Amino acid sequence: MTRKLLIAALLFTAFGVATPPVAAEDPAPVLTIPEGAQAGPDFDVLRATEAWVGTLSPEARAKSDAYFEGGYVLQLVDFVYGLGVAALFLLTPLSRRMRALAERPFKGAFLRSVVYAAQYLVLWTLFYFPFDFYEGFQREHAYGMATNSFGSWLGDQGKSLGVEVIFGSLFVAVLYLVFRMAPRTWWIWGTVVSMAFAIFSAMISPVYIAPLFNKYTSVPAGPIREQILSLARANGVPADDVYYFDASRQTKRISANVSGLGATTRISLNDNLMNRSPGESIQAVLGHEMGHYVLNHIYKMLLALTLIALCGFGFINWAFHRITSRWGGRLGISGIADTAGLPLLAALVSVWFFVLTPVNNSLVRTQEAEADIFGINASEQPDGFASVAMQLSEYRKIHPGKWEEILFFDHPSGWNRVRMAMQWKKEHAN
Ligand SMILES: [Zn+2]
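Being a predicted model, the structure only gives us computed values, none of them experimental.

Draft legend 1. Region of the structure containing the coordination of the zinc ion. All of the protein donors around the zinc ion are H288 (NE2), H292 (NE2) and E368 (OE); their distances to the metal are 2.0 to 2.1 Å. Expressed as a motif, the donor residue spacing for the zinc ion is H-x3-H-x75-E. You can see H288 and its partner H292 sitting in helix α10 (residues 279-294), four residues apart, about one turn around the helix. Each member of the pair H288 and H292 is classed as buried.

Shown next as structure tokens:
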């Protein structure tokens, strides 16, 4: 997970999934407003919220709770497993052998770092395979979320490994160049380098990375495309195209996202949303995504990440020196610039992100709540919004406790989203 966090922080955009556009035979889903949430003189926000949440059957709710709560345990297992893998690299001669293997044929320190990092990323992925298989494939199928075959899942894993080896090795090598050039102030320059990579990754990701996993096409001409473009024009979003990708190749999950930076910024919705949700919900979701764009969330998040990286590197600088000054001889690590210390560095990164989980979740959740409000104002579809919030309960616990939501949720809970929509509906009832 260390590696994943590092790469995720860099690549920024969620990789989606894919199927061929719009299955024409299925009738378009229709929005059904439950009794108790219908507009009327005695409309009550709490009763309407409960009416929407009540559309979830007890079985479906138990399943979704179990899926999401299992994720809490998985985060802990993932963290501990990662520390175990780091120990395997450091407490056996493995890391030192990898360093020797990179040093023998290559003269330049930069190339040696690249080769060490590439070995590390490949071995890490192999050691992590049992966990990735369980979390990413077996469990997704057990909960009826995944649609992919083992072969196609494995193919996607291979592609992400390829991307990680190319960009991850380069990033690590530049970081080690910084360690060698500025052994005392590396944590400041390391932050600059990390942010430059994050910006670069965010820029190229929608154009060069995401299409490796899914097919992206323009939303076909028709009322949905027109509604989305009209929503964009009304909200100052300079979009002349909307993308659509075949997520159903991998999953049943409904989603949409804003990705890219500057000229590569784009809004994409997945085919599950298009095929499984009524038009009112699609408008509500796209309004939300436009909110991320208009409110400059990507830039604000980059700024927050810069602070997190700066403090994180400060912590790592301190911890790395403490550990190597005490056990460096036994571990065979001479200092921060020694590539054999990469597993220790990565383990410290994972400790930092693990401790910061509630902070990161709350940062993201706050932006998501802002985009929700923007989206509902822009689309004026409170029931479409409530309906899609209920659909998302397939993979997100609908009504968590207050602290549970603060600690573990990177989006507002379904219950809070529906309540917000019903409040909006009440305030806008004429
Ligand atoms: Zn969002």
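Draft legend 2. Broad picture of the packing of helix α2 (residues 45-53) against helix α16 (residues 414-427). It is at 9 Å that the axes of α2 and α16 come closest, and there the two elements cross at 135°. Classified by the interaxial angle, the pair formed by α2 and α16 is oblique. When the axes of α2 and α16 are compared, the crossing they make is right-handed. Here V45, L46, A48, T49, E50, W52 and V53 of α2 come into contact with α16, specifically with W415, V418, R419, M422, Q423 and K426. The class makeup of the residues in the contact of α2 with α16 is eight nonpolar, two polar and three charged.

Draft legend 3. Looking closely at the pairing of strand β4 (residues 266-270). Burial within β4 is extensive, with five of its five residues counted as buried. Side chains R266, S268 and N270 project from β4 onto one buried face, and the interleaved I267 and L269 project onto a second face that is buried too. Judged from the three bridges that link them, strand β2 (residues 243-245) and β4 form a sheet pairing that is parallel. Of the residues in β4, the one forming a bridge with F245 is N270. Here strand β3 (residues 256-259) pairs with β4 via four bridges, running antiparallel. Its bridge partner lying in β4, S259 is registered against R266.

Draft legend 4. Just the side chain of H288, in detail. Of the residues examined, H288 reaches a relative accessible area of 6% and is grouped as buried. Contact partners of H288, with chain neighbours within four places excluded, come to E368, A371, D372, G375 and R417.

How each quantity is defined
Residues numbered from 1 in each chain as written. Predicted model: local features only at pLDDT ≥ 70, side-chain atom pairs only at ≥ 80, totals over all residues. Heavy atoms only, no water. Donors = N, O, S within 2.8 Å, 3.2 Å for Na, K, Ca; no water. Helix = DSSP H or I, 4+ residues; strand = E, 2+ residues; numbered from the N terminus. Buried < 20%, exposed > 50% of the residue type's maximum accessible area, 1.4 Å probe, protein only. Axes fitted to C-alpha atoms, helices over the stretch in contact; angles between N-to-C directions. Parallel < 35°, antiparallel > 145°, perpendicular 65-115°, else oblique. Left-handed = near helix turned anticlockwise from the far one by under 90°. Contact = heavy atoms within 4.5 Å. Nonpolar A, V, L, I, M, F, W, Y, C, P; charged D, E, K, R; others polar. Pairing = 2+ DSSP bridges.

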